[in-house]
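Secondary and tertiary structure notes
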Amino acid sequence: MIYENIRNLREDRDLKQKDLAAMLNVSQNTYSQYETGVIELTASTLIKLADFYDVSVDYLLGRKQAEK
């Protein structure tokens with residue numbers, strides 16, 4: 001789910017993988033592997049992406065709030 005979320009957020013903003021790779025200071029290939037799940041995202045990378053997109057890390061991870 002996380003991989004789909006980061007790809008959808010990027011595409012919704014008409015950004016290229018190289019744009020996010022530059023922001024994260026990684027290669028475009030590494031960023032591509034984040035989106036496909038080949039490489040696991042670190043906590044610090046998740047936080048940077050959440051801050052960049054102004055969403056929660058929980059959203060990126062596909063977690064839902066418990067219903068009351």
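Details of the structure are given in the entry above.
Figured I'd write up the structure that's included with this text. (Residues numbered from 1 in each chain as written. Predicted model: local features only at pLDDT ≥ 70, side-chain atom pairs only at ≥ 80, totals over all residues. Heavy atoms only, no water.)

Let us look at the packing of aromatic side chains. For the structure shown, the criterion picks out two aromatic pairs. Where tyrosine 31 meets tyrosine 34, the ring centres are 6.2 Å apart and the plane angle is 85 degrees; that geometry is what we call edge-to-face. In this pair, tyrosine 31 and tyrosine 34 both sit in helix 3 (residues 28-36), three residues apart, roughly one turn of the helix. Its relative accessible area of 8% is what places tyrosine 34 among the buried residues. Ring plane angle 80 degrees and centroid distance 5.1 Å describe the contact between phenylalanine 52 and tyrosine 53, whose orientation is recorded as edge-to-face. On the basis of relative accessible area, tyrosine 53 is assigned to the buried category, the value being 4%. (Phe/Tyr/Trp six-rings, centres within 6.5 Å; stacked < 30°, edge-to-face > 60°. Helix = DSSP H or I, 4+ residues; strand = E, 2+ residues; numbered from the N terminus. Buried < 20%, exposed > 50% of the residue type's maximum accessible area, 1.4 Å probe, protein only.)

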